[in-house]
Amino acid sequence: MSYILHLLILLSIYSVLSLSLNLLVGYTGLFSFAHAAFYGIGAYITTLLMMKAGWGFFPALFIAILGAILLSLIVAIPSLRLKGDYFVLATLGFQTIIFYILYNWVGLTNGPYGIPGIPRPQFLGFGVDSIFAYSVFSILLSGICLLLLWRICESPFGRTLRAIRDDEIAASALGKNIYRFKVLAFVLSGAFASVPGALFASYMRYIDPTSFTLMETVFILSAVLIGGAGNIKGPIIGTVFVILLPEFLRFLHIPDTIAPNVRQILYGLFILILMRLRPQGLGGEYKLQ
Amino acid sequence: MSILELQQVSKSFDGIKAVDGVSLSFKGGKITGLIGPNGAGKTTLFHLITGFLRPDAGAIYYKGKRIDGLPPWRIAAEGIGRLFQDVRVFRQLTVLENVLVAFRNQPDDKPWVAFLPFRRLKDIERENLEKARYWIQFVGLEGMENVRAEDLSYGQQKLLAIARLLAVDAEILLLDEPTAGVNIKMIRVILDMIERLVKEERKTIIIIEHNMQIIRDIADWVYFMNEGKIIFYGLPEEILENKEIRRIYMGIHDSVPVKGR
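The structure presented is a predicted model; accordingly, all values stated were derived computationally and were not measured.

> I keep staring at the overall build of chain B and nothing clicks. Help me out?
Within chain B one finds 9 helices and 10 strands. At 19 Å, chain B has a C-alpha radius of gyration in line with the 18 Å of a compact globule built from 261 residues. Principal-axis analysis of the C-alpha atoms gives chain B an extent of 65 × 40 × 35 Å. Counting over 261 residues, chain B shows a buried share of 43%. When contacts within chain B are restricted to residue pairs at least 6 apart in sequence, long-range pairs at least 24 apart make up 70% of them.

Take a look at the structure:
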């Protein structure tokens, strides 16, 4: 039972991560390699405020979201003036910088040793201590994020983002300030990515910088691409797929000595076949250009 | 009185003058033809007017306000709309969404509007939905509201691009070869619509067109461009009977039959 609840918590966390990245990749047509950085910012700001300042989970989360907004503005304002590939490189640079700050600022983040003993949140006066309570809490908080993301994607704002994705020049000729829309999409994406960071930290009760590397961004991106970008259901399907497939592969009777590698190969092979047969992803409609 | 005025506008690419000291003025509520051989600088002139290119020299005024140097979205917001030669519809959006996205009065730049109650959001969209359906009907695409733009024929995509342009509610419409690549029946539909836009909606239209019969049929005034310069201007009949223009344009056939006004 704990195992299933653990998977549910992971699914709720990664659903928000993939859907918030989808706002950028699938709706706006912008590739970003900085998503794990915002995930990490959410985790670290919440953790530090809870542990060093004695704040509650929600006030700490609020500041974490503001921190993610501020940092995403710092990245977006100069880098979104750059064209396509250069913007991707700028996000890659930001991801690397955040990782090395978390890794090397030992006085604040405890560096590679990580931060253990992160407290669980209090919710409506109750401590969310058991795994069952945490799964309910995580699903509720993620559910609110997913609802808000869904409303944004389906709103006139989301429609204009899709228009920009399809043809920036045409959208510009209709009077749309492309730069402003892209900055807003990037900021929203970063802000939403900080929430699962806070959830992850208080669930695992331990964080270190290796949870927020470039590989983590690639993992979230794979959920979006496998599930399908540009709609709501695609990234959710993709998240279920990337979280559960390795778990299913555990049930294959493979000798322990080679099991991890074989699972990785099977996982990679499956993704290759899927991308060949269904490039728009399992539940997607939009083929990335 | 002219609504749009270009004064000594020039633009060069690698030392080659694409537009060379062009001065033009366009009257409101009229159809002005911009003709000339390929490479004459007509589309470059449209790029300059709509802000996709900045002139090297000269000035562009819209209703007395200088607009050269403004970004394309600002110029569009001022009231200058553009139909591209290669249609540029939003391929993955439906016909209805393509038109809806063009409205200037929608709250699409405010993501927090998404958090309003459903009913409030519906109210905001209701007026635009009605208008969008009107423009879709105006161009003859009714019944196709939920079809994705990429699934339309090329001619239908042109009509959709026109509907989208009309939804912008621009006062000046720059049409870059609106009949290129569409069949004769569709050409007739598009031309009728252009004439209705002037008569019923009082739009000002500047049209780039290679088909001389179309120009003769719909334009009130014509500018002829060659090698980046305006070399003739006048009434369509005067331009088309000019021997020099016929010489420059030799080899272009006017084969599409167009009904007279």
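> Honestly, the interface of chain A and chain B in this entry has me stumped. Any pointers?
Accessible area lost during the coming together of the parts is what is often quoted as the interface size. On the chain B side, the residues contacting the 26 residues of chain A number 27 residues. If you list the elements that add at least two residues to the side of chain A that touches chain B, you get helix H6 (131-154), helix H7 (156-166), helix H8 (168-173) and helix H9 (178-204) of chain A. Looking at the side of chain A that touches chain B, the element that brings in the most residues is H7(A), giving 7 residues. The class makeup of the residues in the side of chain A that touches chain B is 14 nonpolar, 5 polar and 7 charged.

> I keep staring at the confidence of the model for chain A and nothing clicks. Help me out?
A low pLDDT score tells you not to read the predicted coordinates there in detail. Predicted confidence across chain A gives a mean pLDDT of 91, with 98% of residues reaching 70 or more. Confidence scores differ between elements of chain A, with strand E2 (residues 122-123) of chain A showing the lowest mean pLDDT of 80 and helix H2 (residues 35-52) of chain A the highest of 97.

> Quick question: what am I supposed to make of the sheet that holds strand E6 (residues 80-83) of chain B here?
Adjacent strands of a sheet form backbone hydrogen bonds with each other and so pair up, either parallel or antiparallel. All names here are of chain B. Spatially, E6-E7-E8-E3-E9-E10 is the arrangement adopted by the 6 strands of the open sheet, whose pairing is mixed. On the outer flanks of this sheet lie E6 and strand E10 (229-234), each paired with one strand and no other. Sheet twist, expressed as the mean angle between neighbouring strand axes with direction ignored, is 20 degrees. Relative to strand E7 (residues 172-176), helix H1 (residues 42-49) is tilted by about 150 degrees, and along the sheet it contacts strand E3 (31-35), E6, E7, strand E8 (204-208) and strand E9 (221-226). Where helix H6 (residues 184-199) meets the sheet, its contacts fall on E3, E7 and E8, and the angle it forms with E8 comes to roughly 150 degrees.

> Mind showing me how you'd approach helix H5 (residues 154-167) of chain B here?
The periodicity of an α-helix, 3.6 residues per turn, causes residues three or four positions apart to be oriented the same way. Residue and element names in this part refer to chain B. A rise of 1.5 Å per residue sets the reference length of H5, with its 14 residues, at 20 Å; its end C-alpha atoms lie 20 Å apart and thus fit the reference within 8%. Burial analysis of H5 places 12 of its 14 residues in the buried class, the great majority of the element. Turning to H5, its buried residues number three or more, namely Gln156, Gln157, Lys158, Leu159, Leu160, Ala161, Ile162, Ala163, Arg164, Leu165, Leu166 and Ala167. Positive phi shows up at Asp169, right after H5, with a value of about 60 degrees.

> Sorry if this is basic, but what is going on with the packing of H2(A) against helix H4 (residues 84-104) of chain A here?
For any two helices packed against each other, one specifies the inter-axial angle together with the distance between the axes. Residues and elements named next belong to chain A. One way to put it is that H2 packs onto H4 with a least axis distance of 9 Å and a crossing angle of 30 degrees. It follows that H2 is roughly parallel to H4 by the angle criterion. The hand of the H2/H4 crossing is left-handed. For the pair formed by H2 and H4, the contact residues are Ala36, Ala37, Gly40, Ile41 and Tyr44 on the first element and Phe94, Gln95, Ile98 and Leu102 on the second. Looking at side-chain class alone, the contact of H2 with H4 contains 7 nonpolar, 2 polar and no charged residues.

> What am I meant to see in the environment of B:Glu125 here?
Along the polypeptide, B:Glu125 turns up in helix H4 (residues 118-138). The exposure class assigned to B:Glu125 is partly exposed, which follows from the 17 C-beta atoms found within 10 Å.

> Sorry if this is basic, but what is going on with H7(A) here?
With 11 of its 11 residues buried, H7(A) lies for the most part within the structure. Within the sequence span of H7(A), burial applies to A:Pro156, A:Phe157, A:Gly158, A:Arg159, A:Thr160, A:Leu161, A:Arg162, A:Ala163, A:Ile164, A:Arg165 and A:Asp166. Next to the buried residues of H7(A) lie H6, H8 and H9 of chain A together with helix H3 (95-100) of chain B.

> Where do I start with the nonpolar core in this structure?
Side chains of nonpolar character tend, in soluble globular proteins, to be buried together. A:Ala185 and B:Ala163 are the most contacted members of the largest nonpolar core, which totals 164 residues. It is H9(A) that contributes the most residues to this core, 15 residues altogether. Residues within four places of B:Ala163 in sequence aside, it is in contact with B:Val99, B:Trp135, B:Ile136, B:Phe138, B:Val139 and B:Leu141.

Scoring rules and cut-offs
- Residues numbered from 1 in each chain as written.
- Chains lettered and ligands numbered in written order.
- Predicted model: local features only at pLDDT ≥ 70, side-chain atom pairs only at ≥ 80, totals over all residues.
- Helix = DSSP H or I, 4+ residues; strand = E, 2+ residues; numbered from the N terminus.
- Rg over C-alpha atoms; globule rule 2.2 N^0.38 Å.
- Buried ≥ 20, exposed ≤ 12 C-beta atoms within 10 Å, placed from the backbone.
- Contact = placed C-beta atoms within 7 Å.
- Nonpolar A, V, L, I, M, F, W, Y, C, P; charged D, E, K, R; others polar.
- pLDDT = per-residue confidence, 0-100.
- Pairing = 2+ DSSP bridges.
- Axes fitted to C-alpha atoms, helices over the stretch in contact; angles between N-to-C directions.
- Expected span 1.5 Å × (residues − 1).
- Parallel < 35°, antiparallel > 145°, perpendicular 65-115°, else oblique.
- Left-handed = near helix turned anticlockwise from the far one by under 90°.
- Core = buried A, V, L, I, M, F, W, Y, C linked by C-beta atoms within 7 Å.

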